[in-house]
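# An overview of the molecular structure
Below are the chains, spelled out letter by letter.
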Amino acid sequence: TVLHCDADPEFWALALAPERLFPFRRGGHAHVMISATSLAWMKMPFRELVVVLFTSERPDGETCDGAFFVEAVNSSRLLAWSERVFFKTPYLHGNLTYS
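If you're wondering where the values come from, they're calculated on a predicted model, not measured in any experiment. Residue indices follow the written sequence of each chain, beginning from 1 at its first position. Only residues with pLDDT of at least 70 are given local features in this predicted model, and only at 80 or more are side-chain atom pairs given and counted; all residues enter the totals for whole chains, interfaces and linings. Heavy atoms from the whole structure form the basis of all side-chain values; hydrogens and water molecules are not counted.

What follows is about the packing of aromatic side chains. Centre distance within 6.5 Å is the pairing criterion for rings of Phe, Tyr and Trp, where only the six-membered ring of Trp is used; planes under 30 degrees apart are then read as stacked, over 60 as edge-to-face, and the remainder as tilted. One pass over the structure, following the stated rule, counts three aromatic pairs. With a centroid separation of 5.0 Å and an interplanar angle of 90°, the aromatic rings of Phe11 and Trp12 are classed as edge-to-face. Look at Phe69 and Tyr91: their rings are 5.6 Å apart centre to centre, the planes differ by 50°, and that puts the pair in the tilted class. With Phe69 in strand E6 (residues 66-74) and Tyr91 in strand E7 (residues 91-93), this pair connects stretches of sequence that are 22 residues apart. Only protein chains enter the calculation, and the probe is 1.4 Å; a residue is then buried if its accessible area is under 20% of its type maximum, exposed if over 50%, and partly exposed in between. Overall, Tyr91 belongs to the buried group, its relative accessible area being 4%. Helical segments are the DSSP runs of H or I of at least four residues, strand segments are the runs of E of at least two, and each set is numbered from the N terminus.

What follows concerns the side chain of Thr55. Within the secondary structure, Thr55 sits in strand E5 (residues 44-56). Here a residue-residue contact requires only that any non-hydrogen atoms of the pair lie within 4.5 Å. The contact partners of Thr55, leaving out residues within four places of it in the chain, are Leu16, Leu21, Phe22, Phe24, Thr63, Cys64, Asp65, Gly66, Ala67 and Phe68.

What follows is about helix H1 (residues 9-16). All of the buried residues in H1 are Pro9, Trp12 and Leu16. One face of H1 carries all of its buried residues, which in axial projection span an arc of 65°. Here the buried face of H1 lies against strand E1 (2-7), strand E2 (22-23), strand E3 (25-26), strand E4 (29-41), E5 and E6. For H1, the N-terminal cap is Asp8; the gap from its side-chain oxygen to the backbone nitrogen of Glu10 is 3.1 Å. To be clear, the arc concerns the directions from the helix axis to the C-beta atoms. Identification of polar contacts relies on pairs of N or O atoms within 3.5 Å, with a donor-acceptor requirement for protein atoms, meaning one able to donate a hydrogen and the other able to accept it, and with residues adjacent in sequence counted only if both atoms are side-chain atoms.

One finds Phe24, Met33, Val50, Val52, Phe54, Ala72, Ala80 and Tyr91 forming the largest nonpolar core, which totals eight residues. Considering each element in turn, this core owes the most residues, three residues, to E5. Contacts of Phe24, omitting those with residues within four sequence positions, involve His29, Ala30, His31, Phe54, Thr55, Ser56, Gly61, Glu62, Thr63 and Cys64. Counting residues in each nonpolar core, the second largest holds six residues, with Ala7, Trp12, Ala30 and Val32 among its members. Among buried residues, those of type Ala, Val, Leu, Ile, Met, Phe, Trp, Tyr and Cys that are joined through side-chain atoms within 4.5 Å constitute a nonpolar core.

Bringing the environment of Arg84 into the picture now. Along the chain, Arg84 falls in helix H2 (residues 77-87). Once the C-alpha coordinates of Arg84 and Pro59 are considered, the two residues, 25 residues apart in sequence, prove to be 30 Å apart. Not counting residues up to four positions away in its chain, the partners in contact with Arg84 are Thr89, Tyr91 and Leu92.

Salt bridge, as applied in this entry: a Lys or Arg side-chain nitrogen positioned within 4 Å of an Asp or Glu carboxyl oxygen. Taken as a whole and assessed by the stated rule, the structure comprises three salt bridges. Residues Asp6 and Arg26 are paired through a salt bridge, measuring 3.0 Å at the closest nitrogen-oxygen approach. With a gap of 20 residues between them, Asp6 in strand E1 and Arg26 in strand E3 connect regions that are remote in the sequence. In this structure Asp6 comes out as partly exposed when scored by relative accessible area, which is 44%. Judged by its relative accessible area of 33%, Arg26 falls in the partly exposed class.

This is the structure we're talking about:
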């Protein structure tokens, strides 16, 4: 399941400042994507929740030039650890249930 939503661009402009990025503005709002999936890796089932903010290299946010990985939660302790250690991504371990 993927959810695209709007967010406060001023909040994200401050959060992205150390990265020298700006929030991509869609209709005046920052554009966020939240993904909830149930997958398997090497026959190991897991669930994950990922939050991504679309970014711009321009201060006005008029172009969508990339994405900033805000946070992720993985139901597999091993996979969350692997993501943090090997890929330097902000994964946490957590119990995820979808209904």
